[in-house]
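Here is how the chains run, residue by residue.
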Amino acid sequence: PPPPPPSFFGLWVGNVYEETVNMEQFRAAFEQYGELCSQRTHGVPAISPKPSSSSAFVNFCRYEDADMARAGLHGRTVAGTGPLRINASDLMQSYEDSYPAQAAAARQARLTERRPGPWTAISAPAPP
């Protein structure tokens, strides 16, 4: 049987330059895709910068949110840094390998669900 799903889903984010990134804006860019982890609840920080490698780990509570952030922000310049290179963390990759049907379902849902992002114009409602 496959291992149980992890309690959080991490993304490795490359091209995060400490001298140019605005961490508040960086966090906000990822938070628009879903809830980030908390140190108290999940035992990992929401964002863990790694200045020596110009990268960071961003940890989500749900796989679907992490997957949408990976697709939505990869290759983009965000918060003064980038273009971002985003890959699944080893833990998230292990989940994708162990639960391919769930990962595929989440990707399919991503194709049909449109969440606003920094590049998506939000239309005003039609006049009555």
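Above this text you will find the structure in question.
Computed from a predicted model, the values in this text were never measured in an experiment. (Residues numbered from 1 in each chain as written. Predicted model: local features only at pLDDT ≥ 70, side-chain atom pairs only at ≥ 80, totals over all residues. Heavy atoms only, no water.)

**Some points on the sheet that holds strand S1 (residues 9-14)**
Read from one edge of the open sheet, four strands run S2-S3-S1-S4, paired in antiparallel fashion. Lying at the two open borders of the sheet, with one neighbouring strand each, are strand S2 (47-50) and strand S4 (85-88). If you compare each strand with its neighbour and ignore which way they point, the axes differ by 20° on average. Pairing analysis gives four bridges linking S2 to strand S3 (residues 55-60), with the strands arranged antiparallel. Following the sheet pairing, Pro 49 is matched in S3 by Ala 56. (Pairing = 2+ DSSP bridges. Helix = DSSP H or I, 4+ residues; strand = E, 2+ residues; numbered from the N terminus. Axes fitted to C-alpha atoms, helices over the stretch in contact; angles between N-to-C directions.)

**Looking at the environment of Phe 30**
Looking at the element boundaries, Phe 30 is found in helix H1 (residues 23-31). Along the sequence, Phe 30 and Arg 70 sit 40 residues apart, while their C-alpha atoms lie 9.1 Å from each other.

**Concerning the packing of aromatic side chains**
A full pass over the atoms with the stated rule returns six aromatic pairs. Centroid distance Phe 9 to Tyr 95: 5.1 Å. Interplanar angle 70°. Geometry classified as edge-to-face. Highlighted residues: Phe 9 in strand S1 and Tyr 95 in helix H4 (residues 90-98), separated in sequence by 86 residues. Pair check on accessibility: Phe 9 and Tyr 95 agree, each one buried. (Phe/Tyr/Trp six-rings, centres within 6.5 Å; stacked < 30°, edge-to-face > 60°. Buried < 20%, exposed > 50% of the residue type's maximum accessible area, 1.4 Å probe, protein only.)

**Some thoughts on the nonpolar core**
Counting 30 residues, the largest nonpolar core has Leu 11, Val 13, Phe 26, Phe 30, Phe 60 and Leu 84 as the members making the most contacts within it. For this core, the secondary-structure elements that each account for two or more residues are S1, H1, S3, helix H3 (63-73), S4, H4 and helix H5 (100-112). Of all the elements, H3 adds the most residues to this core, at five residues. (Core = buried A, V, L, I, M, F, W, Y, C linked by side-chain atoms within 4.5 Å.)

**Describing the side chain of Glu 96**
Its place among the elements puts Glu 96 in helix H4. For Glu 96, the side chain forms a polar contact with the side chain of Tyr 63, separated by 2.7 Å. Excluding residues that lie within four positions of it along the chain, Glu 96 makes contacts with Tyr 63, Asp 67, Arg 70, Ala 88, Ala 103 and Arg 107. (Polar contact = N/O pair within 3.5 Å; in protein donor to acceptor, adjacent residues only side chain to side chain. Contact = heavy atoms within 4.5 Å.)

Everything listed is a geometric property; what it means functionally is a separate question.
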